[in-house]
Structure formats: structure tokens, C-alpha cells
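Structural characterization, general
As a plain string of letters, each chain reads:
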Amino acid sequence: MLSRMLVQVTFPLAAANVMNQAARMVMAIVGPVLAVELGLSAVELGVLAASLFAAYAATQLPLGVALDAFGARRVQTALMLLTAIGFATFALSSDFAWLALARIILGIGISAGLMAVIKAHADWYERSRVAHVTGIATALGSLGSALTTTPVQAMLPAIGWRGVFWGLCLLALAAAAWIFLSVPDKPRVPGPARTLRSDIALSGRILASRTFWRVAPAVATLSMFNFAYLGLWAGPWLRDVAGLDGPARAGVLFVYTFAMVAGSMLAGSAASRANAAGLPPFIVPIVALTGMVVLQAGLMLQPSQPPVVLALWLAIAVFGAGGPVGYIALCQMFPPEQTGRVSTAVNTLTLGFAFLVQAAIGWILDLWPRTASGGWDPDGYSWALALSAGLQALAVMAMATAQRRRH
């Protein structure tokens, strides 16, 4: 039964999450190329990358209603078709305005990546298995980041960044077809017929819940770093601080994505084991956040030795992969039929934080003069890291306090 559901539900939706990760990650590789080819500033590059997160965040609350009402199959099929349109628009763009529009379309298209997985798993798996199978799906989804690191770097000289986006367009179309043909419609829930007004009213009650607000902002910061850095600024950091060339940067990010795969599997397994042992549900997210704060302090020291740089970024990948476990722990504090709305509500916060932090990094970097090579000053990166590390340190304290109150 488990293997059948993995093939029928988890793997197709994980393919959509591959496209989610690819759309976010590809800017870390093509961003420096676009900055040179189109003359984009750090602020423009930051806004271009952050446009995806703004659209992604704006879509989350109505997406939660749609997932609970129509199920993952219908919603994710439609959104993957929109993702294909976004990739095609980016490939055809020639200036900042059109590129930004394409990123907005992509933000809407990939908006259900992890949320559809969580919703489908809540519908089709036992509660005790949800964290484990979601860890598997997240690990598979992380391969989207691998797809857009070394492979993209290798293909850039031959097909250019436009060819890369046409290839991603075809993959998004394939994911839409797989989901439509494989994933079953959501199970019917007995009871009175749902209405749009009641769905919206329930979303309002979730957003007004003290339970939600005691934990959700802290959970949101755990995935914030990967959104902000892996989505754009990791590549420039590796160039300007560590002094790595294009192939070396792509190599680090390629290995980073496989560390995320391992981290996702470890976090999901650890959360399931913690649940079975009766440990607090947020113990894994608290450990992950604490590790992220310590590791960012290491990056602030501006290491340039390749082994140290690689070790820090791989450790960040492992600890940063604990975000979905926090989502699941929060969702399980609410009834299963509300999973779509709760998960998208906390994802709205995550994406909002990512948008603000990603744009703020560009603003901070532009406070220093550009270097002779056209990059940004390493001190600017350290101050930007201090911002994200400070936010996550506050999140550790907030989550630990909420955990003590709950028990």
C-alpha cells in the first residue's frame, strides 16, 4: 500500500516540487550572467529574484482554500501549466520589466510545490507517516536545485540562459501531465456541502488563532535562508567572498542540493521518531534553527578556504532542510481538513520574510562600492548574514517558549 501511494501520489507531486526548486534556484546560476548581459544592479537583481517570492506569497491564502476545496491533483496540474508559461515568458524576455513579469508568473505557478505535497499526504496517509513521506518528497524535490546548478552551468555556453528556460518549460509541461494522469482526486468528506464563504471564514479563524501566531512566524524563518540565499545570493557570495569561479560555484551548489536531500530525509525521519518517542513536536525545528544561527556566524567570518566553505554550506543545507517538519508539526495542531489553509498561511509568512530579506540583502550590498571585478564587498555580505541570523535567533527563543507553554 505504501509503495503504491508513493508512486501514485508522492512521486508525481514531488516532480512539481522539482520545478518549484528549479525556478527558485536557477537565478543563483544565471543571475550573474543576467547582471552582466543586461546591466542589472544588485537592487534590480534582488527585486527580480524577489518578485517570484512576492507573487508566491500573495497566492498562498487563496491557494490554501483551493487545495482544501479541490485537492492537490486539480490545483497542481493547472499551476504546472502556468509554470510552463512563466518559463517561456522568461526565455522570450529582453528587459527588466518582462523578466520581472515572468518571475511573477512563475511565482504563482510554483506556489503549491510543497503545500500540495503536504495536503495530499494529509489526505492519503496515516498521520504518523506524514512527516516521513513528506521528507521523501522534499528530498526528491531538492533534485530540482541540483538540476539547475552544475548541469545549467555546463549548458550555458552551448544554449545560453534562454535555452535553459525553454528546457524548464518542457519539464513543467511533463510534470503537469504526470500529476493529472496519476494523482487521485481528494477523498470525499461526509457532511454538508462547502461554500466559498465558509471556506474564507475558516481561513479567517485560522489567521486569528493564537495557536497559529505563537508558532508560525518562528517556523517561517527556518526556510527563509534557503529561499533568500539558494534562490539568488549564494552564488554571488561564493564568487565575491570565497573567490570561486563559475564552475566551482556551480559545483558547491550542486553538492549543496544533495546535502538538502540528505537533510530532508534526516529531518523527516527524526521527526517521526521523535513523535513515536513522545518528544515535543517542535524539537527538530528548534535544533535546525539553532544550527543555522551558528553556521551563519561562520559565514560572517568570510572564510575563503575551499574545504571550510564547502563544509559550512553543506551543513547549512542539512539544517535548513528542516523547514517542512515545522510546517507539518504546526498543521497537526489543527484538524486535517484545514491542512491546506494552515500550510499556505505559514508559507505566506515564509515567502514574505524571504522577499524582504532577499531585497534587503541587495540594499545592504549596494551600501558598499562595487569591487574591481564587478562584484560586491564581502563586508556587505557579513552584515546581510547578521540580519538573517538575528531573525532566526529570535525564532529559536519564540519557538522554545511556545513549546514550553504547550507542554
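Residues numbered from 1 in each chain as written. Predicted model: local features only at pLDDT ≥ 70, side-chain atom pairs only at ≥ 80, totals over all residues. Heavy atoms only, no water.

So, the overall build of the chain
Check the secondary structure of the chain and you find 16 helices and zero strands. Taken against the 2.2 N^0.38 rule, which gives 22 Å for 407 residues, the C-alpha radius of gyration of the chain at 20 Å falls within 12% of a compact globule. For the chain, the spread of C-alpha atoms along the principal axes amounts to about 65 × 45 × 40 Å. Within the span of the chain, comprising 407 residues, buried residues form 57% of the whole. Taking all contacts inside the chain whose residues are at least 6 apart in sequence as the whole, residues at least 24 apart take part in 85%. Of the roughly 15700 Å² that the chain leaves accessible, carbon and sulfur atoms contribute 70%. If the 24 positive side-chain charges of the chain are averaged to one point and the 14 negative ones to another, these points end up 14 Å apart. (Helix = DSSP H or I, 4+ residues; strand = E, 2+ residues; numbered from the N terminus. Rg over C-alpha atoms; globule rule 2.2 N^0.38 Å. Buried < 20%, exposed > 50% of the residue type's maximum accessible area, 1.4 Å probe, protein only. Contact = heavy atoms within 4.5 Å. Areas by Shrake-Rupley, 256 points an atom, 1.4 Å probe, with all protein chains shown as cover. Lys, Arg positive; Asp, Glu negative; His and termini not counted. Charge placed at Lys NZ, Arg CZ, Asp CG, Glu CD.)

Overview of the nonpolar core
Within the largest apolar cluster, 139 residues are counted, with the highest numbers of intra-cluster contacts made by Y229, W237 and W313. For this core, the element with the most residues is helix α1 (residues 2-38), which contributes 19 residues. (Core = buried A, V, L, I, M, F, W, Y, C linked by side-chain atoms within 4.5 Å.)

Examining the side chain of K119
Following the sequence through the fold, K119 ends up in helix α5 (residues 113-124). On the basis of relative accessible area, K119 is assigned to the buried category, the value being 3%. For K119, the contacting residues outside a window of four places in its chain are L67, D68, P336, E337, T339 and G340.

So, helix α8 (residues 150-182)
For α8, with 33 residues, the first-to-last C-alpha span of 30 Å runs short of the 48 Å given by 1.5 Å per residue. Maximum bend of α8: about 110°, positioned at I159. Turning to α8, its buried residues number three or more, namely V152, L156, W161, V164, F165, L168, C169, A172, A175, A176, I179 and S182. (Expected span 1.5 Å × (residues − 1). Bend = angle between axes of the 7 residues up to and from the residue.)

Some words on the pattern of salt bridges
Close approach of charged atoms lets side chains of opposite charge pair. Counted by the stated rule, this structure contains six salt bridges. Across the salt bridge formed by K119 and D123, the nearest N and O atoms sit 3.4 Å from each other. Of this pair, K119 and D123 both sit in helix α5, four residues apart, which is roughly one turn of that helix. Judged by its relative accessible area of 23%, D123 is partly exposed. Overlapping salt bridges bring together D68, K119, D123 and R341 as one network. (Salt bridge = Lys/Arg side-chain N within 4 Å of Asp/Glu carboxyl O.)

Here's the deal with unusual backbone geometry
Non-glycine residue Q302 carries a positive phi angle of around 60°. On the secondary structure map, Q302 appears in the loop between α12 (283-300) and α13 (306-320). Taking the relative accessible area as the measure of exposure, Q302 reaches 27% and is therefore partly exposed.

Describing the packing of aromatic side chains
We describe a pair of aromatic rings using the distance from one ring centre to the other and the angle between the two ring planes. On inspection of all chains with the given rule, the structure shows ten aromatic pairs. Here the aromatic rings of W233 and W376 are separated by 5.7 Å at their centres, their planes lie at 80°, and the arrangement is edge-to-face. Of this pair, W233 sits in helix α10 (residues 210-240) while W376 sits in the loop between α15 (339-365) and α16 (378-406), placing them 143 residues apart in sequence. With relative accessibility at 2%, the residue W376 sits in the buried group. Ring geometry for Y256 against W313: centres 6.0 Å apart, planes inclined by 55°, an arrangement best described as tilted. In this pair, Y256 sits in helix α11 (residues 246-276) while W313 sits in helix α13, placing the two residues 57 residues apart along the sequence. An identical accessibility class is assigned to Y256 and W313; each is buried. An aromatic cluster is defined as three or more aromatic residues linked by ring pairs; in this entry it consists of F225, Y229, W237, Y256 and W313. Positioned above the aromatic ring of F180 is the side chain of R73, whose terminal nitrogen or guanidinium carbon lies 4.3 Å from the ring centre. (Phe/Tyr/Trp six-rings, centres within 6.5 Å; stacked < 30°, edge-to-face > 60°. Lys NZ or Arg CZ within 6 Å of the ring centre and 35° of its normal.)

Quick word on helix α14 (residues 323-331)
Burial analysis of α14 places nine of its nine residues in the buried class, the great majority of the element. Of the positions making up α14, those classed as buried are G323, P324, V325, G326, Y327, I328, A329, L330 and C331.

Some remarks on the packing of helix α3 (residues 72-92) against helix α4 (residues 96-109)
Interaxial distance between α3 and α4 falls to 7 Å at its minimum, and their mutual angle equals 165°. Classified by the angle their axes make, α3 and α4 are roughly antiparallel. α3 and α4 meet at a crossing whose hand is left-handed. On α4, the residues touching Q76, L79, M80, L82, T83, I85, G86, F87, T89 and F90 of α3 are W98, L99, A102, R103, I105, L106, I108 and G109. Residue composition of the contact of α3 with α4, by class: twelve nonpolar, five polar and one charged. (Axes fitted to C-alpha atoms, helices over the stretch in contact; angles between N-to-C directions. Parallel < 35°, antiparallel > 145°, perpendicular 65-115°, else oblique. Left-handed = near helix turned anticlockwise from the far one by under 90°. Nonpolar A, V, L, I, M, F, W, Y, C, P; charged D, E, K, R; others polar.)

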